[in-house]
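The residues making up each chain are set out below.
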Amino acid sequence: MTGPSQQQTDPTRPKRSRLRTFLPLGIAAWLVLEIWLLTVVAEAAGGFTVFLLLLAGVVVGSAVIKRAGRRAWQNLSRSMQPGAAPQDPAAGTGSSFTMLGGLLLMIPGLISDVAALVCLFPPTRALLRGRVEALLRRRVGYVPGPMGGGFGPGPDSSQDRMRHPDGKVIQGEVIQGEVIRDDEDPHSARRD
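Residue numbers restart at each chain and count upward from 1, following the sequence in its written direction. At least 70 in pLDDT is required for a residue's local features to be given in this predicted model, at least 80 for side-chain atom pairs to be given and counted, and no such filter applies to totals for whole chains, interfaces and linings, which use all residues. Hydrogens and water are ignored here; the side-chain numbers use all heavy atoms of the structure.

**Q** Any details on the overall build of the chain? Residues and values, ideally.
**A** Working definition: helices are DSSP H or I runs of at least four residues, strands are E runs of at least two. Numbering for both runs from the N terminus. Regarding its fold elements, the chain presents five helices and zero strands. Mapped in sequence order, the helices and strands of the chain form the string α-α-α-α-α. Buried, partly exposed and exposed residues are distinguished by accessible area as a fraction of the type maximum, computed with a 1.4 Å probe on protein chains only: under 20%, between the cut-offs, and over 50%, respectively. Residues counted as buried form 15% of the 192 residues belonging to the chain. Taking as baseline every contact in the chain between residues at least 6 positions apart, the subset at least 24 positions apart corresponds to 47%. We call two residues contacting when some pair of their heavy atoms lies within 4.5 Å.

Here you go:
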């Protein structure tokens, strides 16, 4: 018989993270605050005004997402063309925060609209991007690359030793790959 006083925590069970503990509470508080603010604005300015605000947020948010997506697609297709010069890492930055801002505009509510404006206003977007990149660099080993960023080996990764400027491989390193011979027929059955 196990009662509340006899229940013990399992030492092999991983501890629940703070994010998983407080995220549902934060989302619930945010939703309650959004609904409360919408009712306050509806009482002050009228329900039709709130409806127009929400409708304008959806229309403007979808236009912002469409424009940012088109710009990101053009940057990607331009960089993938043969003979294209390497792209400046700062040229395509901000597309993700612009899309996030558009998405936040589309979500009904006034707090999400303020957060969207923070993501869309260029000085705050640059500040936000710098903070997020620093956080990612510290937590998961984010390494900015030629395409605007990516995840690469961190400072304590074993993959760091494989990067040699002269192209030589240190004895004992394993390089995975496939040998393709020019004299073989590419349509013949592959032998293992």
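There's plenty left to go through after this.
**Q** Tell me about helix H1 (residues 18-45), and please be specific about residues and values.
**A** One less than the number of residues in a helix, times 1.5 Å, gives the span that helix is expected to have. The end-to-end C-alpha distance of H1 is 39 Å, a good match for the 40 Å that 28 residues give at a rise of 1.5 Å each. Where H1 terminates, the next one or two residues include Gly46, which has phi positive at roughly 105 degrees.

**Q** Please provide a residue-by-residue account of the packing of H1 against helix H4 (residues 110-120), values included.
**A** The angle between the axes and the distance between the axes are what describe a pair of packed helices. Look at H1 against H4: their axes get within 8 Å of each other, and the N-to-C directions meet at 100 degrees. Accordingly, the angle class assigned to the pair H1 and H4 is roughly perpendicular. Residue-level inspection shows Trp30, Leu33, Glu34, Leu37, Leu38 and Val41 of H1 in contact with H4, the latter providing Leu110, Ile111 and Ser112. Of the residues belonging to the contact of H1 with H4, the class tally is seven nonpolar, one polar and one charged. To get an axis, a line is fitted to the C-alpha atoms, and for a helix only the part in contact is used. The angle between two axes follows their N-to-C directions and goes from 0 to 180 degrees. Any angle that is under 35 degrees is reported as roughly parallel, and any over 145 degrees as roughly antiparallel; angles of 65 to 115 degrees are reported as roughly perpendicular and all others as oblique. Side-chain classes are defined by residue name, with Ala, Val, Leu, Ile, Met, Phe, Trp, Tyr, Cys and Pro counting as nonpolar, Asp, Glu, Lys and Arg as charged, and the others, Gly among them, as polar.

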